[in-house]
Structures are given as structure tokens and as C-alpha cells.
Amino acid sequence: GIGISALGFGCMRLPEIQKEDGTWEVEQEKVNAMMARAYELGVNYFDSAYFYCHQNSETAIGKALKSVRDKVYLSTKCPMDMVKKPEDFEAILDTSLARLDTNYVDFYHFWSINRKVFDEKILGMGLLEKAQELKKKGKIRHISFSFHDTPDALKYIIDNGEGLETIL
């Protein structure tokens, strides 16, 4: 029932500049113009991740899409290597929500998983249940994952990933 545009806007490589102190910042005015034009042309799906653009992508998206937040779908990803205990999952999500300047994300991905991560972290730590809890709280609209493994592992995850709604 979701009407996602045929093309999405991947926000992994937004225009950035490196400052004299070695840190990076997104060129916000350019990002604003790019995203406004994409939106004007019908793009309504914008995909980011915790680490994209030196950890500045989510903040840039939040600023650029603030005025149309209720008309677009935001997607971001939880870096599974940062999840050491179940509580980390919500803490990482909360950081992304703050950066995006929103109280919910439309698609929240377990990022770049394989069968080992699925078994040890997602199932082993009860993260599917945690994601369902966060969905009930309204912080996540759709529980998702991105995948890097074999076709057999993908089938295993789909067969055992009750509550997973989308794959990227």
C-alpha cells in the first residue's frame, strides 16, 4: 500500500568539503537544491545510513526535507558491528532520529547482514523483538534489512525473520 517512487535518492555520496581541521561537512545548500529538485520530479524515497558522508548524511537529509517530511519516505540503517548489546539497537536508532530531525523512520534496516550476523545478533540478542517494540512505539514504520551473503543464507533469513518487511 505504499507508493514509493520508481527511483529513490541514495544519500551515500552527497557533495562534501573537507575543512582545514580535516573534518568533513556536507554542502547543505547543494543538498537542499538536489533534494528539492528530486522531490519536484516525483522522488519520495531517500536512503541514508549512520556512517554515510562521514556521519553527516542523515543530518543533511533532515534539514533538506524538513518541510516535506510528511510526504517522503526516509530510510536509514543500523550498523550491526556497533550493536554489542540489545540496548545499543535503540540508542543507535535514537541517534539517527535526532540527526534526521524526525521522531520516526519509515524504513529501518539491519545493515549489511549475513547469516552469522542474523543468527548471532538479530536472533541471538532478540533484535527482531526489539525492532517490533520500536515499531509499536512509532519510531520505526517498517523493519528492513540489507544483505550480503549467499542465496541460501537469504532464504534462511526470509524463512526465519518473522517481522522483516523489506530488503534493500
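Scroll up to find the structure.
Caption draft 1: The side chain of Asp106, seen in detail. Within the fold, Asp106 resides in strand β6 (residues 105-113). On the basis of relative accessibility, which here comes to 4%, the residue Asp106 falls in the buried class. Among the polar contacts made by the side chain of Asp106, one reaches the side chain of Arg69 at a distance of 3.0 Å. Within the structure, Asp106 has its side chain in polar contact with the backbone nitrogen of Leu74 (distance 2.7 Å). Filtering out sequence-adjacent residues up to four positions away, Asp106 remains in contact with Arg69, Val72, Tyr73, Leu74, Arg141 and His142.

Caption draft 2: Region of interest: the packing of aromatic side chains. Taken as a whole, this structure holds nine aromatic pairs when the rule is applied. Put simply, the rings of Tyr50, Phe51, Tyr52 and Trp111 pair up and form one aromatic cluster. For the cation-ring pair, Arg69 lies above Tyr104, with the distance from its terminal atom to the ring centre recorded as 4.1 Å.

Caption draft 3: A look at the pattern of salt bridges. Taken as a whole and judged by the stated rule, the model has 18 salt bridges. Between Asp88 and Lys85 there is a salt bridge, and its shortest N-O distance comes to 2.9 Å. Overall, Asp88 belongs to the buried group, its relative accessible area being 13%. Put simply, Lys130 and Glu133 hold a salt bridge, and the shortest N to O gap is 3.1 Å. Remark: Glu133 and Lys130 occur in helix α6 (residues 127-136); sequence separation between them is three residues, near one turn of the helix. On the basis of relative accessibility, which here comes to 35%, the residue Glu133 falls in the partly exposed class. Because the salt bridges share partners, they merge into one network encompassing Glu90, Asp94, Lys130, Glu133, Lys137 and Lys139.

Criteria and cut-off values
One numbering rule holds for all chains: residues counted from 1, following each sequence as written. Selection of residues for local features in this predicted model requires a pLDDT of at least 70, selection of side-chain atom pairs for listing and counting requires 80 or more, and totals for whole chains, interfaces and linings are taken over all residues. Hydrogens are left out, water is left out, and the side-chain values use all remaining heavy atoms of the structure. The numbering of helices and of strands both runs from the N terminus, where a helix is a DSSP run of H or I of at least 4 residues and a strand a run of E of at least 2. Relative accessibility under 20% of the residue-type maximum defines a buried residue, over 50% an exposed one, and the middle range a partly exposed one, all with a 1.4 Å probe and only protein chains included. Between N or O atoms, a polar contact is any pair within 3.5 Å; within protein, one atom must be a potential hydrogen donor and the other a potential acceptor, and residues adjacent in sequence are included only when both atoms are from side chains. By the convention used here, residues are in contact when the closest approach between their heavy atoms is within 4.5 Å. Geometry of aromatic contacts follows a simple scheme: Phe, Tyr and Trp rings, the Trp one being its six-membered ring, pair when their centres are within 6.5 Å, and the pair is stacked under 30 degrees between planes, edge-to-face over 60, tilted otherwise. For a lysine, the NZ atom is tested; for an arginine, the CZ atom; a charge sits over a ring if that atom is within 6 Å of the ring centre and within 35 degrees of the ring normal. The salt bridge definition used is simple: a Lys or Arg side-chain nitrogen within 4 Å of an Asp or Glu carboxyl oxygen.

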